[in-house]
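Chain by chain, the residues:
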Amino acid sequence: MLVGLRQVFLRFHGCNLACAYCDTRETHQSPPPDFCDREETPGRRDFTSIANPIDIQTLREVLVRWVYRHPGIHHSISLTGGEPLLHGETLVEWLPVLRSVLPVYLETNGTLIPELSRCIDFFDHISMDVKLPSSSGLDDLWERHRSFLSIACRKNVFVKIVVGAATQLSEIARTCDLITSVDKCIPLVIQPMTGASGEIAVSSSSLLAYQEYAGACLHEVRIIPQTHKFLRML
Ligand code: SF4
């Protein structure tokens, strides 16, 4: 929903799921690495290796320096992963500090309900995945997603589904039922599986059919591919 805006990415290690299309395989490495990458200048890929995990004071200093030297560039801080909500203890400590610098945007797989409840007051935007069994290869998570969304709707939330060649219209219908059971004004983003070079794994006719079906149920339905791959910002 914020496509085209720039964000600071904070990437958290580890995930409680194992999606077939996961493009952050290193997040499943155990134990976590001793070092992580820190970009010194926004967008320049001049990474240095520092001890993992970073401490919150160092992190705050980096963020404040970026905001001071590059005013107006970043819309928000994106917490991504892996699954950021796996790090509940850390988030409780970090979120008030992060939010004092920039708005906070959570990117989540939409399954860790107690952890969301604990931290929800500190999020400004939530991008919540609904995992379709056809594309993710995961078991049925519908009821967990519904419980999660019923809490996340207190914030500026949207739902994202990744669709692939095997996706069924019945899964789109079930996603629409899930969203309308909470609030039909919550936007839905349909994201086609996108290869490393930007190739789309779903026919345009299927994408349009999904949007037409969902558009009859929900207020706002967008088709958005993984734009960073088209722009070669990997
Ligand atoms: S939820 Fe995200 S990080 Fe976790 S396995 Fe799925 S795609 Fe990978």
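**As for the nonpolar core**
For soluble globular proteins, nonpolar side chains are generally found buried alongside one another.
Part 1: Grouped together as the largest cluster of nonpolar side chains are 52 residues, with contacts concentrated most on Leu 79, Leu 98, Leu 116, Phe 123, Ile 126, Val 163 and Leu 188.
Part 2: The residues that make up this core include at least three from each of domain 1 (7-13 + 25-129) and domain 2 (130-137 + 159-234).
Part 3: Not counting residues up to four positions away in its chain, the partners in contact with Leu 79 are Leu 10, Phe 12, Pro 84, Leu 91, Leu 95, Leu 98, Val 104, Tyr 105, Leu 106, Glu 107 and Phe 123.

**Some details on the domain arrangement of the protein**
Part 1: In terms of domains, the protein is made up of domain 1 (7-13 + 25-129) and domain 2 (130-137 + 159-234).
Part 2: Here the C-alpha centroids of domain 1 and domain 2 sit 25 Å apart.
Part 3: Tallying the contact residues gives five residues for domain 1 and five residues for domain 2.
Part 4: When domain 1 packs against domain 2, close to 520 Å² is buried across both sides, 45% of that on carbon and sulfur atoms.
Part 5: Counting every contact that joins domain 1 to domain 2 gives three salt bridges.
Part 6: Across the salt bridge formed by Glu 107 and Lys 160, the nearest N and O atoms sit 3.9 Å from each other.
Part 7: Put simply, domain 1 and domain 2 have three residue pairs in polar contact (both at pLDDT 80 or more) between them.

**Some words on unusual backbone geometry**
Part 1: Going from Ser 30 to Pro 31, the amide bond is cis rather than trans, its omega being -5°.
Part 2: Within the fold, Pro 31 resides in the loop between β1 (6-11) and β2 (35-39).
Part 3: In this chain, Asn 52 is followed by Pro 53 through a cis amide linkage whose omega measures 0°.
Part 4: Tracing the chain through its elements places Pro 53 in the loop between β3 (47-51) and α1 (56-69).
Part 5: In this structure, Arg 45 is a non-glycine residue whose phi angle is positive, near 60°.
Part 6: Inspection of the secondary structure assignment puts Arg 45 in the loop between β2 and β3.
Part 7: Arg 45 sits in the exposed class, given a relative accessible area of 53%.

**Side note on the packing of aromatic side chains**
Given two aromatic rings, one states the distance between the centres and the angle between the planes to describe the pair.
Part 1: Evaluated as defined, the whole model comprises one aromatic pair.
Part 2: With centroids separated by 5.9 Å and ring planes inclined at 50°, the aromatic side chains of Phe 12 and Trp 94 adopt a geometry described as tilted. Of this pair, Phe 12 sits in the loop between β1 and β2 while Trp 94 sits in helix α2 (residues 88-99), and the two are 82 residues apart along the sequence. With respect to class, Phe 12 is no different from Trp 94; both count as buried.

Calculation criteria
Residues numbered from 1 in each chain as written. Predicted model: local features only at pLDDT ≥ 70, side-chain atom pairs only at ≥ 80, totals over all residues. Heavy atoms only, no water. Core = buried A, V, L, I, M, F, W, Y, C linked by side-chain atoms within 4.5 Å. Buried < 20%, exposed > 50% of the residue type's maximum accessible area, 1.4 Å probe, protein only. Domains from an automatic or database assignment. Contact = heavy atoms within 4.5 Å. Buried area = accessible area lost by both parts, 1.4 Å probe. Salt bridge = Lys/Arg side-chain N within 4 Å of Asp/Glu carboxyl O. Polar contact = N/O pair within 3.5 Å; in protein donor to acceptor, adjacent residues only side chain to side chain. Helix = DSSP H or I, 4+ residues; strand = E, 2+ residues; numbered from the N terminus. Phe/Tyr/Trp six-rings, centres within 6.5 Å; stacked < 30°, edge-to-face > 60°.

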